[in-house]
Amino acid sequence: MKKLIWAVVALVGAFAIGGLALHRGESINAMWIVVAAVCVYAIGYRLYSAWITAKVLVVDPSRPTPATRFNNGRDFVPTNRWVVFGHHFAAIAGPGPLVGPTLAAQFGYLPGTLWILVGAVLGGCVQDMTVLFLSTRRDGRSLGQMARDELGRVGGYAAIAGTLVIMVILIAVLGLVVVNAMKHSPWATATVFATIPIAILVGLYMRNLRPGRVLEGSLLGITLLLLAVVGGGAVNGNETLRAWFDFDSLSLAKWVIVYGFTAAVLPVWLLLAPRDYLSTFLKLGTVTLLAIAVVAMHPQIRMPAITQFIDGSGPIFGGALFPFAFITIACGAISGFHALVSSGTTPKLITNEGDIRMIGYGSMAMESGVAIMALIAATLLQPGVFFAINAPAGAVGATPAAAVATISSWGFPVAVEHMQALAAQMGEASLFARTGGAPSLAVGMSSILGSLFGQGLMALWYHFAIMFEAVFILTTLDAGTRVGRFMLQDALSHVWPALGRTSWYPSVIITSALIVAGWGYFLYIGVVDPNGGINILWPLFGISNQLLAGIALSVCTGIIVKQGKLRYAWITAAPLAWLAIVTTVATWEKVASADVRVGFLAAANDMAAKLAAGTLPAAQAAVAPQLIFNQRLDAVLSVTLAFVLWVVIVDTLRVCLRVVRGLPVPPNSEARVAAEAAAP
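Everything numeric here is computed off the predicted structure, so don't read it as measured data. (Residues numbered from 1 in each chain as written. Predicted model: local features only at pLDDT ≥ 70, side-chain atom pairs only at ≥ 80, totals over all residues. Heavy atoms only, no water.)

What to know about the side chain of S544
- Tracing the chain through its elements places S544 in helix α24 (residues 534–562).
- Ignoring anything within four residues of it in the chain, the contact list for S544 reads I166, I169, L170 and L641. (Helix = DSSP H or I, 4+ residues; strand = E, 2+ residues; numbered from the N terminus. Contact = heavy atoms within 4.5 Å.)

Observations regarding the nonpolar core
- Counting 204 residues, the largest nonpolar core has I376, L431 and W519 as its most contacted members.
- Examining the composition of this core, we find that 18 residues originate from one element, helix α8 (residues 153–182), more than from any other.
- Look past the residues within four positions of L431 in its chain and what remains in contact with it is A388, I389, M419, L422, A423, M426, V443 and Y462.
- Counting 6 residues, the second-largest nonpolar core is a separate cluster that includes A604, M607, L616 and I628. (Core = buried A, V, L, I, M, F, W, Y, C linked by side-chain atoms within 4.5 Å. Buried < 20%, exposed > 50% of the residue type's maximum accessible area, 1.4 Å probe, protein only.)

Some remarks on the side chain of T79
- Tracing the sequence through the fold places T79 in the loop between α3 (66–69) and α4 (81–92).
- For T79, the side chain forms a polar contact with the main-chain oxygen of V77, separated by 2.7 Å. (Polar contact = N/O pair within 3.5 Å; in protein donor to acceptor, adjacent residues only side chain to side chain.)

Quick notes on the packing of helix α25 (residues 570–592) against helix α27 (residues 618–661)
- Running from N to C, α25 and α27 cross one another at 155 degrees; their axes reach a closest spacing of 10 Å. Considered as vectors, α25 and α27 are oriented roughly antiparallel to each other. For the element pair α25 and α27, the recorded crossing hand is left-handed. Contact residues: L576, A580, T583, T584, T587 and V591 in α25; A635, S638, V639, A642, L645, W646 and I649 in α27. (Axes fitted to C-alpha atoms, helices over the stretch in contact; angles between N-to-C directions. Parallel < 35°, antiparallel > 145°, perpendicular 65-115°, else oblique. Left-handed = near helix turned anticlockwise from the far one by under 90°.)

Describing the packing of aromatic side chains
- What the rule picks out here adds up to 26 aromatic pairs.
- For the pair Y48 and W570, a centre-to-centre distance of 6.5 Å together with 25 degrees between the ring planes defines the contact as stacked. Taken together, the residues span a long stretch of sequence, with Y48 in helix α2 (residues 31–57) and W570 in helix α25 at a distance of 522 residues.
- What links up through ring pairs into an aromatic cluster is the set F309, F386, F387, W410 and F412.
- Cation over ring: K590 sits above F600, and NZ or CZ is 4.6 Å from the ring centre. (Phe/Tyr/Trp six-rings, centres within 6.5 Å; stacked < 30°, edge-to-face > 60°. Lys NZ or Arg CZ within 6 Å of the ring centre and 35° of its normal.)

A short note on the pattern of salt bridges
- Across all of its chains, the model carries 12 salt bridges by this definition.
- Residue K562 is joined to E150 by a salt bridge in which the shortest nitrogen-to-oxygen separation is 2.6 Å. With a gap of 412 residues between them, K562 in helix α24 and E150 in helix α7 (residues 143–151) connect regions that are remote in the sequence.
- Between D651 and R654 there is a salt bridge; the shortest N-O distance is 2.8 Å. With a gap of 3 residues between them, D651 and R654 both fall in helix α27, about one helical turn apart.
- Given a relative accessible area of 7%, D651 falls into the buried group.
- Connected via shared salt-bridge partners are R63, R137, E353 and E670. (Salt bridge = Lys/Arg side-chain N within 4 Å of Asp/Glu carboxyl O.)

Next up, the structure:
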């Protein structure tokens, strides 16, 4: 009977995917995408992940974990499995599953849907679970540490250096997206600010006031979060309070930098874990509501399956379908950032190895589901509205009239009056050129929820969606900063051993400040960019993210082969091969392309020529020298990071060949501990 049930699930999923791939009508029902996703995730979790944990990883629930062996009340803390799941899901589910699918919708709904499903089940989920298991078995070591221990000095130090640089870039883009979503929106800003003291209160409640009362703390936190959304509306309606929370981009960037530093230095139980845990309720609750609304309303997808912009002429970002669809959608399919969380904070919290499958594979599958819902929300909008919100003024025109004329000429009609009415409905002054993906996603989400719960609450739903997105992003930003601090402490320990002590406060403060200063600089780059920063930073983000995933999969492949499981190495080697091709091609195009909308160097040279000729507007001319420098810096970073990936891949191949030939290799760095009954 079980085999029959899973055979039916497989057939239904195959039928739904086939319907999506072959349909070329005017529109298609969103239910096709939902059914395909549910079936694919169910089969992947129930069958593929179970096989990997049993045959390849060989999980042992009786083995003590680093959290139980090194419990220090700060970084290593045995934590309830559901709280760990919440922390991990919240930490990995940043802007990628929300923004990436939204931006990639310029290619149509089909490419993004297929990549999200296939990439997650065969790549992203496997990477997250495998890295989490390997780090847990190695006392919670970081990805860079594992690379150094298992591959040797060359690949190890290359991985450490590359990972640190990539981490800085990734966190900067996280901050940029949240800044673009909250700028000049007092409702959203007040609501997001309120989540910080709420998280601290819940952390104190569950640790000191009512230890172990997870349900009570959860209900308290959820209630306060919902009140924060309503309170944000009250702030927005009061002229005095509204002025207090009405920030421009640069001011918000400063607040984000302060928050990132604070979250990195505070004990994990005080802010990071409870905030991420509460964020998970908000995220899963919102995604569940969206799924219910889609099932109940079964809306039609308005975006074509494939648009004319697959040739690289898209207005949101330059670049053809291959390879840029596969780097634009990273976190929803496969993301290297997840490997840092899986080898950073999470392995230091897990109480039982048996939970690794649920936390590693399950969290990533759920994040991929978030990406699917984001794609649906974005493609439910009229294409003209979608492009009016997401396309920067530099691509469509500085005035509303110019923007609608340009977008309508593409075959996606939209009117100024319609955009004004939509903005008023959402409680915003304007929705034109709100780059970053978050505002258009919020409009799509509010339209879905408004259809189910009433159109009169559209403004409330819009700002609830903005808070939902901002909280998504900030939880990844704070976890990423903390993981970056761990990595930097490990690297600097070779210069001054005391800096390697993760709980020594002078080291914590110094390394946190250095990490925050690094990503704060790139955040500033995006904020001052006249095109909103997305076109300059998101491709670098996508390439860096997938390069980091390649490094993580290389380390996993090398360890699997060293453990005598060569016949199973394909589970990580296959997605590694795909990412190596995609990232190498993308890097080449971003550096060598003569198209100013694609190539970093071409864009820098074009702006330099215009600056010299005096044809740039005064506002752009003021920041042009820095933007020119940053474009060239992006080109150097892209080439450097691609080189680092291939150094790690070649070193992994060297180690694997030595294993096959029976030659000496670095010893297995897995911790030797006596098995005992693990804590429940």
